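Here is what each chain is made of, one letter per residue.
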Amino acid sequence: MSIEKEIKRLLGMLQSGEISQTESDQLEEYASKYPEYRDLIQIHQELSGVEFPAPDPDTARFSQMRAEVLRKIRLREQRTPGLFQEFFEKIRSYAMRPEMAVAALTLIIGFLLGRALPPDQETLTSNIIDQISSLATKNTKLEDVQKSPYLYSNVRYEDIDENTVSLSFDVTTHLNMTSKKDDPLVRDVMAQTLLSSSNVGSELKAISYTEGIVDPKLKEALIFSMHNTPILAIRIKAMSRLIEYKKDEDIQNAFLKVLREEESVKMRLLAIDYLTEDQVSPDILQKALIESEVPQSPAVMIKMRNYLEKK
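Described below are features of the structure shown in this document. All values reported here derive from a predicted model rather than from experimental measurement.

Unusually for a residue other than glycine, K247 sits at a positive phi of about 55°. Mapped onto the secondary structure, K247 falls in the loop between helix 12 (232–242) and helix 13 (249–261). Within the chain, Q279 stands out as a residue other than glycine whose phi angle is a positive 60°. Note on placement: Q279 falls in the loop between helix 14 (265–277) and helix 15 (282–291).

Written as C-alpha cells, this is what we have:
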C-alpha cells in the first residue's frame, strides 16, 4: 500500500472515531513528514471540539418536522418517475415508422392541448391535498387550527393498519386520502373534529387516533373536548387520552377544573388518580373540592381522604 493511501485510510479512521492509539501515533508520524496533511488533522480536531450551534428541537417540534419529511417522501413515491420521458420515448419510436408518423403527431398535439386545458379531478385533488398538508405542518397550536382558512366537515375515518388511516372529508371539494395517523394534515383534521363535530362516531375515532401522538394542538383539542362535549362517553374518552401526558401543567389545571365543575363521578375519580400520581399538593386538591359547586360524592371524598391519610 502506498504512503498516500495509508494516510487516507488513517484519516478515515480518525474521522470515524475508530482509530487506535498505535494508528494515531502512525498518523502523527506521517503528518510530520508530509505537512500537507497536517491541516486536515487540525481541522478535524477543531470541529470535534465545537458544540453544535443549534439547540435540539423539543419532542413535539421534532415529531412535526419528521412527519413533514415523511409526507414529502410519500408524495414523491406516489408520483410515477419519468412519466413524460417515457411518453415521448414511445412517441419518438412511433414517429420513426412512416406509417405511424401522423398518429404520433396527433398524440403530441393532444398531449400539448391537455397540458393547456384545466387539470383533471385527480390533479386538482392532489394540489388541494398538497396545499392543506403544507398549511397543517405550520399549525402547532389549537389556535392555529381554529384560524385555519380550511374547514373540514363530513369527516369519516377508516383504519388501514395500525399506523395508517383513510380519511374522507369535505374541504372546498370532497377529498379521499390515505396517510399515516401522525401526518400533520391528519392531526389538523382530528383537531377540528374535536372542536366542532356533531358526529359521535367521528369524535371517538379522532380521539382513538391520538394515542401515542405528542402534539400541543391535539392536547388542547382533547382538553376542549373533555370540558365542552355534551356526550359523557366522549368526555371520558378524551380524558383517558390526556392521562397519557405525564407531569403536564396544562393537564393538571384541566383536571383540577374537572374536580371543581364536572358532575360525572367517574371523571372526578379519574382526575384524582392522575393528580395524586403526579404528586399534586394535597392543599391544592382540597381547595379544588372546597370551591366545587357540584354535589359532593361519597366515592370522591373517600378516595381523597385515603390519599390524604397516606401523606
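Turning our attention to the environment of H227. Tracing the sequence through the fold places H227 in helix 11 (residues 216–228). For H227, a relative accessible area of 27% corresponds to the partly exposed category. On a C-alpha basis, the gap between H227 and M239 in space is 9.3 Å, while along the polypeptide they are twelve residues apart. The contact partners of H227, leaving out residues within four places of it in the chain, are A254, K257 and V258.

Let us look at the packing of helix 9 (residues 184–196) against helix 10 (residues 200–209). Remark: helix 9 packs on helix 10, axes separated minimally by 9 Å, with the N-to-C direction vectors making an angle of 135°. Looking at the two axes, helix 9 sits oblique to helix 10. Considering only the axes of helix 9 and helix 10, their crossing is left-handed. Here M190, T193 and L194 of helix 9 lie close against helix 10, whose contacting residues are S202, E203, A206, I207 and Y209. The residue makeup of the contact of helix 9 with helix 10, split by class, is five nonpolar, two polar and one charged.

Here N139 is to be found in the loop between helix 7 (121–138) and helix 8 (142–146). Relative accessible area serves as the criterion here: at 7%, N139 is assigned to the buried category. Once the C-alpha coordinates of N139 and L185 are considered, the two residues, 46 residues apart in sequence, prove to be 9.4 Å apart.

The contact between helix 1 (residues 3–16) and helix 3 (residues 38–48) brings their axes to 11 Å, and the two run at 5°. If you check the angle between helix 1 and helix 3, you find them roughly parallel. Taken together, the residues of helix 3 that come into contact with helix 1 (itself represented by L11, L14 and Q15) are L40, I41 and H44. Looking at the contact of helix 1 with helix 3, its residues break down into four nonpolar, two polar and no charged.

Analysis parameters
- Residues numbered from 1 in each chain as written.
- Predicted model: local features only at pLDDT ≥ 70, side-chain atom pairs only at ≥ 80, totals over all residues.
- Heavy atoms only, no water.
- Helix = DSSP H or I, 4+ residues; strand = E, 2+ residues; numbered from the N terminus.
- Buried < 20%, exposed > 50% of the residue type's maximum accessible area, 1.4 Å probe, protein only.
- Contact = heavy atoms within 4.5 Å.
- Axes fitted to C-alpha atoms, helices over the stretch in contact; angles between N-to-C directions.
- Parallel < 35°, antiparallel > 145°, perpendicular 65-115°, else oblique.
- Left-handed = near helix turned anticlockwise from the far one by under 90°.
- Nonpolar A, V, L, I, M, F, W, Y, C, P; charged D, E, K, R; others polar.

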